[in-house]
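# Summary of the model geometry
In case you want the letters, here they are:
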Amino acid sequence: NCNGKSLLHAPSSLPSNITGLDLSFNHLVVPQHGTLLMHFPSLHSLNLSSNALLALSPAIFSNLGALRLLDLSSCSIAHLHTDAFKGLGNLHTLLLRNNSLQELEVPFFLSLKALFHLDLQHNALVSVDAMSLQLMEAVPQVRLEGNPWVCNCTAHPLQQWLWHRQAVQVTCASPPWLRGREVAALDSQDLGCRMKKRFPRGLSTAQQITVTHSNTTTPPAGKAGRSWPYLVGFVVAAIGISILIALAAKCKLFHKNFTSYRHRPLPETSSVGGSPMEDGSSWDRGFSGRETCESHPIPGAADLQGEDDDGFIEDNYIQPSEQLPEEEEQESHLSI
């Protein structure tokens, strides 16, 4: 126990096989290069709290491979190098509360394979990136209380992570209308996000982050993205059926008109111009060229009238015998 002795360095008189060392409340000078306490490889616990360390150089604890507890509370640490805890593969507890950390570097957790308890209370953290949250998923106990968290849409991954771990007492510092409210109790609308979705407890944080990112950047495809071929097929089928119906109606109308306008000349009933037999024979001769394979009997007046009585008589079929009375009447007027 060497706390509160205004030490600049660890006493050289200490035995090298000690397993616990308390150097809190001193004025230790951290070397810019090399390791700290290189003569104590058997340490299991090290208390460096309340020393103005400010920054930790890379691999500063690399010679303390057996260390399981490291207390760096109240050391005014504002930045952690990505390799600051390199070599601490057996570290179980890391205490970083009451410092000035504003962000967490992602590789900061990579070398801490056995970490069980991480204390980040009362720092200056306003947000945590998704990758750091994913790495912290492997740490069973994480303390994040007392940080000035900004509760906007960027805090949505943190909100989901806290809700999944059932963490409490992590409250918002801003905006003012959310100050003091627990982050885990908020939803996406409170955070100003458009989507509102909570993940099942069985999902890992990596899956939650992936789903959250895909929902906020790209619109979901799902069934709507695969339904357009069915819509196109339905439209094509409807157009095809409409065309078939139109063709069927057109053919029926054509057949009706063709049957209605297939007229024959009226039989000659007057004595002028020859007998009906003669007219019928002349008519028969007129059509003999076109109907070479069939012979048609001469129709009678009753048959023709019953067959073609549709109320219309075309001008081309008025016989000369019907024009004679009109010509005689005109000549009588002229003679008068």
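Since this is a predicted model, take the numbers as computed values, not measurements.

### Section: the overall build of the protein chain
The helix and strand tally for the protein chain stands at 8 helices and 10 strands. Counting across all 336 residues of the protein chain, residues that qualify as buried make up 30%. Long-range contacts, defined as pairs at least 24 residues apart, comprise 54% of the intrachain contacts of the protein chain with a sequence gap of at least 6. When the accessible area of the protein chain is evaluated, it comes to approximately 21000 Å², of which 58% is carbon and sulfur surface.

### A word on the confidence of the model for the protein chain
For the protein chain, the mean per-residue pLDDT works out to 74, and 64% of the residues sit at or above 70. In the model, residues 270–308 has pLDDT below 50 throughout and makes 26 contacts with residues more than four positions away in sequence or in other chains.

### Quick notes on the pattern of salt bridges
Pairing of side chains with opposite charge becomes possible as their charged atoms draw close. Evaluation of the coordinates by the stated rule reveals 3 salt bridges. Arg-97 is paired through a salt bridge with Asp-119; the nearest N and O atoms lie 2.8 Å apart. Of this pair, Arg-97 sits in the loop between β6 (93–95) and β7 (117–119) while Asp-119 sits in strand β7, placing them 22 residues apart in sequence. Judged by its relative accessible area of 30%, Arg-97 is partly exposed. Judged by relative accessible area, Asp-119 falls into the buried class, the value being 2%.

### Topic: the state of the cysteines
A complete count under the given rule lists 2 disulfides for this structure. With a sulfur-sulfur separation of 1.9 Å, Cys-151 is cross-linked through a disulfide to Cys-172. Measuring the twist about the S-S bond at about -95°, one finds the Cys-151-Cys-172 disulfide to be left-handed. Of this pair, Cys-151 sits in the loop between β9 (149–150) and α2 (156–165) while Cys-172 sits in strand β10 (residues 172–174), and the two are 21 residues apart along the sequence. Take Cys-172: its relative accessible area is 4%, and that puts it in the buried class. Note that Cys-153 is cross-linked by a disulfide to Cys-193, the S-S spacing being 2.0 Å. Measuring the twist about the S-S bond at about 130°, one finds the Cys-153-Cys-193 disulfide to be right-handed. Of this pair, Cys-153 sits in the loop between β9 and α2 while Cys-193 sits in the loop between β10 and α3 (205–217), placing them 40 residues apart in sequence. Among the cysteines of the protein chain that take part in disulfides, numbered as they appear in the sequence, the pairing is 1-3, 2-4.

### Points about the sheet that holds strand β8 (residues 141–143)
Across the sheet, 6 strands lie side by side as β1-β2-β4-β6-β7-β8; this open sheet has parallel pairing. Looking at strand neighbours, the two that pair on one side only are β1 (20–22) and β8, the edges of this open sheet. Adjacent strand axes in the sheet meet at a mean angle of 0° when their direction is disregarded. Sheet analysis places β6 next to β7, joined by 3 bridges and oriented parallel. In the strand pairing of β7, Thr-93 is matched with His-117.

Conventions and cut-offs
Residues numbered from 1 in each chain as written. Predicted model: local features only at pLDDT ≥ 70, side-chain atom pairs only at ≥ 80, totals over all residues. Heavy atoms only, no water. Helix = DSSP H or I, 4+ residues; strand = E, 2+ residues; numbered from the N terminus. Buried < 20%, exposed > 50% of the residue type's maximum accessible area, 1.4 Å probe, protein only. Contact = heavy atoms within 4.5 Å. Areas by Shrake-Rupley, 256 points an atom, 1.4 Å probe, with all protein chains shown as cover. pLDDT = per-residue confidence, 0-100. Salt bridge = Lys/Arg side-chain N within 4 Å of Asp/Glu carboxyl O. Disulfide = S-S within 2.5 Å. Pairing = 2+ DSSP bridges. Axes fitted to C-alpha atoms, helices over the stretch in contact; angles between N-to-C directions.

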